[in-house]
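The lines below spell out each chain.
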Amino acid sequence: MKYITHPLIRPESLEERRYQLAIALHALEGNTMVVLPTGLGKTAIALIAAASRIHNKGGRVLVMAPTKPLVEQHLRFFGRLLLVPGRKEGDPSPFVMFTGETPPEERKAAWAGSRLCFATPQAVKNDLLAGRYTLADVTLLVVDECHRAVGNYAYVFIAKRYMETAADPLILAMTASPGGDREKVEEVCGNLSIARVESRVESDEDVRPYVHEREIHYVPVDLPKELGEALGTLNGLIAGRINQLERLHFQVPKPGKLSIRALTELNAQIQRRIQGGDRSAYQAASVHAEIMKLRHAVSLAETQGSEALRHYLEKLSQEGTAPGGSKASQRLGADPAFRRLVAESSLWTGELHQKLELVGKLVQAQLAAHPDSRIIVFATYRDTVQNLVNHLATLGIHAERFVGQATKDAERGLTQKMQIEALQRFRQGEFRVLIATSVGEEGLDVPSTDMVIFYEAVPSEIRSIQRKGRTGRSGAGKIVVLVTKGTSDEVYRYVSQTRERAMVTGMRSLRGMPPARQPGNQATLPPAGGPPGPGMAEEPVPGPTAPDGLRRTASLTASVAPAPLPPHRSPEASQGQTAIGSFIPGGPAIVADDRETSSRVVEHLSNLGVRLELRRLDHGDYLVGDRILVERKTARDFADTLVERDLFGQVRDLAMASTRPVLIIEGGDIYTARDLNPAAIRGALAAIAVDLGVAVFFTPDELGTAQMILTLARREEGDRGERKLHPYKSYRSAKEQQEFILASFPSVGLRNARLLLAHFGSVKAVLDADEEALRAVKGIGEKTARQIYEIARQPYR
């Protein structure tokens, strides 16, 4: 076996593969997306690129992956193979790993002492927003599973900030499955400033020697009679509700065409009618919610089995009878046909679907033939995962579940630490079968996984490819897909096959460099099936023993490096204008609740130059200076909270926690967000502004919200003399001033202030009274009395 030779790569540790060298060389010429089938060494390409950048440019390398297990996997690979220059025995490790579980101050200190950082994107985004460090000296940014770089995912913000601030930026984005949607691939390229795409498929000449055989078997499964009858009832319930929407003059999908896409388009019709003021559309929205619940029940019956369906029907029935249940749940729970179905399902004993038993037989047969095998079973739902673990246990087979972190109902999730430990035990052979949800699909390197079982077919080509990629990485592997006959399983099987073929065709067409950039920073990719782009490596790169190969291999460590991409500049800077953020370098700090980082508001504030601090706030979403507390709600959230939750309780707490409470209502029209009487909304706004003293602002979107918060911050920093906590009219009477003083005490307010003054006769008498005397006043409770007594006597510090 031949090995890569490089000053910063441990000798005889990394196998020489021509396609990896060719891709790495091209990746050093500009921001590159690498599309490579699972198991063919994307991480090795990243290692070669990182070694070259550190050797030629110095600086720091940042490697990001979406999950902690995947981050830890990259750290182990780099730590084993990469030699960091200048490191002496006994020196602290130049490799650091941190995620959201690592305390912020530890991340800041770790970053300062590192040369290579491995992190989840959300942790990096939070640190950049809070100004804990910058990416100025990062010479290579590696973005793994880069197909996630769409919408508001953290990769998008980090890549933009990196291109704006790094002295010599270079991005290497990697994925095994960019998807078959060309527009989405272009969006990813635009969001990551990709200059070229390097792709390979398993049939390429330079890749073929490293591809291991994978057998794929589709196993048809009969639907049990009881579940077939349940499906008939569920489809009848759906048909009745589709007819209701048709009578309301909506364009509805035909029977048998009730896909998720069709239901999404139907919901879009409903929302347009709501925005247009059609009150019947509110009823339609509730009927649509019923259809979505029933459609999910159909999916469970077809693909998961009787136990999953029975539990879900029981849950819907309970929601329908609960006091706080939605109208959709209540109507569904009252439907006689639905109630009969719930009663019938309660009589089912054990799992009726044959899939559970089939998985047991497949696992038993594999372990009997190959006792050292490792097997992964993928299932979409956690209930099914647990059922599989329990069933295999009855067969004497130790299996462990691999699910996400969230705790749902009584089902506890796995922390990222627990996920890493489970994978380590699986690698070491402590157990042979791993039962995983989608969290196990992405990027995890489990060597010698001999069999992968799909409990159900999945329509997504990305998920299907990622699942299949868990086997055949270091030897031949077997893939078994269970398909229930005559159900969505069959549809999804053919959909995913078609999309996978389309994606392979698309991957071929993506090779080379996008010729131009379009407005909005979107990359224009070469047309599908078109000629190769410039610089495209259609022929294998000569091996390192050939003269050209020697030169090209040497260029990985040559002193002449590719010219860096010019840092991206904001529109204001390019027009000779000063960015708005530069006007408030010394302004009051803005504290953002750490749960707000999923919104674009914090990103816009950071881009505007605001000094941000991220921490958990007891009340509100943003604290401006020491006086202004801002609660942010979308128009829909405002309406939902008014109807379903305690809006006035939330706003009252906001007002009590701040001397300048502010409510920002963002986007949309609060009068059409829900089927509410406009007078009720006006009354709520009046009560918030007048009774609770909370200022209300309306903004069009997240950028508008950020600009409003920035405006509030600039007002706070202004030199307008000593701020008055309670601005008041200069012509107030003595009586009004006495009332105002007592009304400012917590939980007192104007009404109770008047009661206290009427009872005691003066402010001094109120403050001198003990708790028992204060409680004797009608309307003054124990808590309020204690607060008045303690504040009046507490020393000022």
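Before going into details, it helps to say that this report is about the structure given with it. (Residues numbered from 1 in each chain as written. Predicted model: local features only at pLDDT ≥ 70, side-chain atom pairs only at ≥ 80, totals over all residues. Heavy atoms only, no water.)

Side chains R196 and E198 project from strand β7 (residues 196-199) onto one buried face, and the interleaved V197 and S199 project onto a second face that is buried too. In this structure, strand β1 (residues 32-35) lies alongside β7, joined through four bridges in parallel fashion. Of the residues in β7, the one forming a bridge with V35 is S199. (Buried < 20%, exposed > 50% of the residue type's maximum accessible area, 1.4 Å probe, protein only. Helix = DSSP H or I, 4+ residues; strand = E, 2+ residues; numbered from the N terminus. Pairing = 2+ DSSP bridges.)

Another point: the sheet that holds strand β13 (residues 477-484). An order of β8-β13-β12-β9-β11-β10 is seen for the six strands of this open sheet, with the pairing classed as parallel. The strands lining the two open edges of the sheet, one partner per strand, are β8 (214-221) and β10 (399-402). In this sheet, neighbouring strand axes are inclined to one another by 20 degrees on average, regardless of whether the strands run parallel or antiparallel. (Axes fitted to C-alpha atoms, helices over the stretch in contact; angles between N-to-C directions.)

Right, let's get into the pattern of salt bridges. Enumeration according to the criterion identifies 40 salt bridges in this entry. D594 is paired through a salt bridge with R616; the nearest N and O atoms lie 2.6 Å apart. Here R616 lies in the loop between β17 (612-615) and β18 (622-624) and D594 lies in the loop between β16 (590-593) and α21 (600-607), a separation of 22 residues in the sequence. Note that E716 and R627 form a salt bridge whose closest N and O atoms lie 2.7 Å from each other. Taken as a pair, E716 in helix α25 (residues 702-717) and R627 in the loop between β18 and β19 (628-634) lie far apart in primary sequence, 89 residues in all. (Salt bridge = Lys/Arg side-chain N within 4 Å of Asp/Glu carboxyl O.)

Bringing the packing of helix α6 (residues 154-165) against α21 into the picture now. Running from amino to carboxyl end, α6 crosses α21 at an angle of 10 degrees, the nearest separation of the two axes being 11 Å. As summarised for this structure, α6 and α21 are arranged roughly parallel, according to the angle between their axes. Here F157, K160 and R161 of α6 lie close against α21, whose contacting residues are E603, S606 and N607. Of the residues that constitute the contact of α6 with α21, the class distribution is one nonpolar, two polar and three charged. (Parallel < 35°, antiparallel > 145°, perpendicular 65-115°, else oblique. Contact = heavy atoms within 4.5 Å. Nonpolar A, V, L, I, M, F, W, Y, C, P; charged D, E, K, R; others polar.)

On to the environment of A436. One can find A436 in strand β11 (residues 433-436). Separated by 36 residues in sequence, A436 and E400 have C-alpha atoms that sit 8.5 Å apart. Aside from chain neighbours lying at most four places away, what touches A436 is V377, F378, A379, V385 and F402.

Here six strands make up an open sheet; going across it, the order is β17-β16-β18-β19-β20-β21 and the pairing mixed. Each of the sheet's edge strands pairs with one partner strand only, and the pair in question is β17 and β21 (695-699). In this sheet, neighbouring strand axes are inclined to one another by 25 degrees on average, regardless of whether the strands run parallel or antiparallel. The pairing of β16 with β18 spans three bridges and is antiparallel. Its bridge partner lying in β18, I590 is registered against V624.

A word on the packing of aromatic side chains. In total, this model carries seven aromatic pairs according to the counting rule given. Residues Y153 and Y155 carry aromatic rings whose centres are separated by 5.1 Å and whose planes lie at 80 degrees to one another, so their mutual orientation is edge-to-face. Members of the aromatic cluster, joined through ring pairs, are F77, F78, F95 and F118. Between the NZ or CZ atom of K125 and the centre of the ring of F157, over which it lies, the distance is 5.9 Å. (Phe/Tyr/Trp six-rings, centres within 6.5 Å; stacked < 30°, edge-to-face > 60°. Lys NZ or Arg CZ within 6 Å of the ring centre and 35° of its normal.)

Topologically, T99 is positioned in the loop between β3 (95-98) and α4 (104-112). Taking relative accessible area as the criterion, T99 reaches 2% and is therefore assigned buried. Apart from the residues lying within four places of it in its own chain, the contact partners of T99 are K68, R107, T120, A123 and Q416.

Moving on, we get to the packing of helix α8 (residues 225-247) against helix α10 (residues 280-304). Direction vectors running N to C along α8 and α10 enclose 160 degrees, while the axes themselves pass 9 Å from each other. Judged by the inter-axis angle, α8 sits roughly antiparallel to α10. Of the two elements, α8 crosses α10, and the hand of that crossing is left-handed. Contact residues: α8 offers L227, L231, L234, N235, L237, I238, R241, I242, Q244 and L245, while α10 offers A284, V287, E290, I291, L294, R295, A297, V298, A301 and E302. Of the residues in the contact of α8 with α10, the class split is 14 nonpolar, two polar and four charged. (Left-handed = near helix turned anticlockwise from the far one by under 90°.)

In this section: the side chain of R53. Looking at where R53 falls in the secondary structure, it is placed in helix α2 (residues 42-57). On the basis of relative accessible area, R53 is assigned to the buried category, the value being 4%. A polar contact is formed between the side chain of R53 and the backbone oxygen of D168, at a distance of 2.9 Å. Excluding residues that lie within four positions of it along the chain, R53 makes contacts with L28, G58, T139, L140, D168, P169 and L170. (Polar contact = N/O pair within 3.5 Å; in protein donor to acceptor, adjacent residues only side chain to side chain.)

It is worth spelling out helix α9 (residues 260-275) at this point. Taking 1.5 Å of rise per residue, 16 residues should cover 22 Å, and α9 covers 22 Å from first to last C-alpha, within 8% of that figure. Those residues of α9 that are buried are in contact with α8 and α10. Positive backbone phi, approximately 90 degrees, marks G277, located one or two places after α9. (Expected span 1.5 Å × (residues − 1).)

On to the pairing of β17. Here β17 shows a buried face lined by L612 and L614 and an unburied face lined by E613 and R615. Running through α21, the crossover from β16 to the neighbouring parallel element β17 is right-handed. (Right-handed = clockwise from strand over helix to strand, strands pointing away.)

A few words on the state of the cysteines. Applying the stated rule across the entire model yields zero disulfides. Residue C146 stays outside any disulfide, its sulfur separated by 7.8 Å from that of C189, the closest cysteine. Assessed through its relative accessible area of 0%, C146 is described here as buried. (Disulfide = S-S within 2.5 Å.)

A few words on unusual backbone geometry. Backbone geometry places E12, a non-glycine residue, at a positive phi of 50 degrees. Mapped onto the fold, E12 is located in the segment before α1 (18-27). One non-glycine residue, S193, lies in the positive phi region at around 55 degrees. Residue placement: S193 occurs in the loop between α7 (182-191) and β7. Overall, S193 belongs to the buried group, its relative accessible area being 19%.

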